[in-house]
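What follows is each chain in one-letter form.
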Amino acid sequence: MPGKWVQTWVPRWASRWFVSKDGTTAIEFALLAVPYFMLCIAIIEMSIMFTAAALLETATSRAARLLRTGEIQQSSNDPAAQEQAFRQALCAQATALIPCSEIVIEAVDMGGFGNYDTYAPQFDADGNMVSQGFSPGGSRDTVLVRAAFRYRFMTPLIGFLLGENGTPTRQFFSTIVLQAEPYDFQDDS
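Residues numbered from 1 in each chain as written. Predicted model: local features only at pLDDT ≥ 70, side-chain atom pairs only at ≥ 80, totals over all residues. Heavy atoms only, no water.

Asks: Could you give an account of the pattern of salt bridges, naming the residues involved and the relevant values?
Replies: Where charged atoms from two side chains of opposite charge come close, those side chains can pair. On inspection of all chains with the given rule, the structure shows four salt bridges. As a salt-bridge pair, Arg 150 and Glu 164 come within 3.2 Å of each other at their nearest N and O atoms. Of this pair, Arg 150 sits in strand β4 (residues 142-152) while Glu 164 sits in the loop between α5 (156-162) and β5 (169-179); the two residues are 14 residues apart in sequence, bridging distant segments of the chain. A residue is classified by how much of its surface remains accessible, and Glu 164, at 22% relative accessible area, is partly exposed. Here the residues in one salt-bridge network are Arg 150, Glu 164 and Arg 170, joined through shared partners. (Salt bridge = Lys/Arg side-chain N within 4 Å of Asp/Glu carboxyl O. Helix = DSSP H or I, 4+ residues; strand = E, 2+ residues; numbered from the N terminus. Buried < 20%, exposed > 50% of the residue type's maximum accessible area, 1.4 Å probe, protein only.)

Asks: Could you give me a rundown of the sheet that holds β5, with the residues and numbers involved?
Replies: In space, the three strands of this open sheet follow the order β1-β4-β5, with antiparallel pairing throughout. Each edge of the open sheet is held by one strand with a lone partner, namely β1 (104-109) and β5. Averaged over all neighbouring strand pairs, the angle between strand axes comes to 15°, with direction disregarded. Here β1 runs beside β4; their pairing, made up of six bridges, is antiparallel. The residue bridging Ile 105 from the neighbouring strand is Ala 147, located in β4. Lying on the sheet, helix α2 (residues 24-68) is in contact with β1, β4 and β5; it crosses β5 at an angle near 25°. (Pairing = 2+ DSSP bridges. Axes fitted to C-alpha atoms, helices over the stretch in contact; angles between N-to-C directions. Contact = heavy atoms within 4.5 Å.)

Below is the structure:
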């Protein structure tokens, strides 16, 4: 009577399956390993992204200090040389996570703090910032310093979720408005 055998054997087998604990840990780990590792990778990716953004902010602040004290303006009268000196100072601080060649910089003499609204960042068709030039001004001038770079996500899922315009990238900005110190001293003698 195979029907009776099936009726008695299947419930006993099923009850042993649900009562037995052999291999439960391996099955639970297999079910939870993928979400766990995805979460760990997402945490690492976000940490690297925020570190790169903080690194850009710190590098821009330190390089802008050279404009504030007039060190770059007094080093050369050539705007291209001044921009190169600023870029070198910026890149010296941001070498770890940010490719220096991908940083877009601009410095604009605003003429006063009230003119900030007239110097909004300009963007190309792809959403990348376009520099408005490098004019660091002179002694006691109000200068807008802006640096931007496009961070590329390393993991496709995070890039898809946090990327801009359907790309696995996000643009970061650092904007500093400063008034240069009175570094042009006249010799009174």
